[in-house]
Amino acid sequence: MASSTPALPYPTGAARPLLKFPVLVYRLGFGWLLDAFNIMILTTRGRKSGQPRYAPLEYRRHGKKLYAIAAWGDQSQWLKNLTDEPTVTLCRGQQVMGAHGTLVRNRTEATVVLHLFRRSSPLLIFDALSGRLGMGSAAARTQPDRIDDYTIVRFDALPGIPTLPAPPDDLRWAPVVGAGLILVGFAFALAGWIRRPMERD
């Protein structure tokens, strides 16, 4: 189910770093928060560099399988990496596992996946995709005429230790330090507020 034309305009300029914001959230130690919104971090191997590449994806689960939609079709860098090397790593909250990614080409399976995305707390990206492809909410709940325009990937879990690393949680200290600075600032503000009436007396 791969589309040669992306369903959404590929982000450029300042919009591109925003796509990586969930990765920063994961590095801060809030992977559990991402999983609450059905967002996982995918690790693929860069086609040219050979280095791990991280991409946040909205996902849905059906049985033991996980599914994601490539919003920018064949232009999605993570999809290009996955096509080149389908063995990937998935991070859901604190769970890290290896997986094999495969394009969904069966229309019945694709329809089930679209139902999962549309009915279970859909994020704005799916509504934007449906509007871009000319499909309203009612059409997405039935067999869409343009279902082939969706690029859907299925992830099947692999046994053993993942070959690619999860994003490091090297910024886990930052929230603690930030909270400490806020408390110190509050303490100084409180001390100044108490001192003013004493100075006036």
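Residues numbered from 1 in each chain as written. Predicted model: local features only at pLDDT ≥ 70, side-chain atom pairs only at ≥ 80, totals over all residues. Heavy atoms only, no water.

### Topic: the overall build of the chain
Consideration 1: Scanning the chain for helices and strands turns up 8 helices and 6 strands.
Consideration 2: Going from N to C terminus, the chain has its helices and strands arranged as α-α-α-β-β-β-α-β-β-α-α-α-β-α.
Consideration 3: Put simply, of all contacts in the chain between residues at least 6 apart along the chain, 73% involve residues at least 24 apart.
Consideration 4: A total accessible area of about 11,600 Å² is found for the chain, and carbon and sulfur atoms account for 61% of it. (Helix = DSSP H or I, 4+ residues; strand = E, 2+ residues; numbered from the N terminus. Contact = heavy atoms within 4.5 Å. Areas by Shrake-Rupley, 256 points an atom, 1.4 Å probe, with all protein chains shown as cover.)

### Quick look at the side chain of glutamate 58
Consideration 1: Among the secondary structure elements, glutamate 58 is positioned in strand β2 (residues 52–62).
Consideration 2: Taking relative accessible area as the criterion, glutamate 58 reaches 11% and is therefore assigned buried.
Consideration 3: A distance of 3.0 Å separates a polar atom in the side chain of glutamate 58 from a polar atom in the side chain of arginine 60. (Buried < 20%, exposed > 50% of the residue type's maximum accessible area, 1.4 Å probe, protein only. Polar contact = N/O pair within 3.5 Å; in protein donor to acceptor, adjacent residues only side chain to side chain.)

### So, the sheet that holds strand β6 (residues 152–158)
Consideration 1: Sheet architecture is closed into a barrel: 6 strands sit in the order β1-β2-β3-β6-β5-β4, paired in antiparallel fashion. Sheet twist, expressed as the average angle between the axes of neighbouring strands with direction ignored, equals 45 degrees.
Consideration 2: On the sheet, helix α5 (residues 107–119) packs against β2, β3 (65–69) and β6 and is oriented at approximately 90 degrees with respect to β2. (Pairing = 2+ DSSP bridges. Axes fitted to C-alpha atoms, helices over the stretch in contact; angles between N-to-C directions.)

### Digging into the packing of aromatic side chains
Consideration 1: In total, this model carries 1 aromatic pair according to the counting rule given.
Consideration 2: For arginine 60, the ring lying beneath its charged end belongs to phenylalanine 117, and the centroid distance is 4.8 Å. (Phe/Tyr/Trp six-rings, centres within 6.5 Å; stacked < 30°, edge-to-face > 60°. Lys NZ or Arg CZ within 6 Å of the ring centre and 35° of its normal.)

### Considerations on the pairing of β2
Consideration 1: Direction of pairing for strand β1 (residues 39–45) relative to β2: antiparallel, over a ladder of 7 bridges. For methionine 40, the partnering residue across the bridge sits in β2 and is leucine 57.
Consideration 2: The hairpin formed by β1 and β2 contains 6 residues between the paired strands, and glycine 50 there has a positive phi angle of roughly 75 degrees.
Consideration 3: Hairpin connection from β2 to β3: 2 residues lie between these consecutive antiparallel strands, with glycine 63 at a positive phi of about 70 degrees.

### Examining the nonpolar core
Consideration 1: Counting 18 residues, the largest nonpolar core has Trp78, Leu90 and Phe155 as its most contacted members.
Consideration 2: Going through the elements one at a time, β1, β2, β3, α4 (77–84), β4 (87–92), β5 (95–103) and β6 are the ones with two or more residues in this core. (Core = buried A, V, L, I, M, F, W, Y, C linked by side-chain atoms within 4.5 Å.)

### A short note on the pattern of salt bridges
Consideration 1: Considering all chains together, one arrives at 5 salt bridges under this definition.
Consideration 2: The partner of arginine 45 in a salt bridge is glutamate 85, and the shortest N-O contact between them spans 3.3 Å. With arginine 45 in strand β1 and glutamate 85 in the loop between α4 and β4, this residue pair connects regions lying 40 residues apart in the sequence.
Consideration 3: Its relative accessible area of 24% is what places glutamate 85 among the partly exposed residues.
Consideration 4: Look at the salt bridges and you will find they share partners, linking Glu109, Arg154 and Asp156 into a network. (Salt bridge = Lys/Arg side-chain N within 4 Å of Asp/Glu carboxyl O.)

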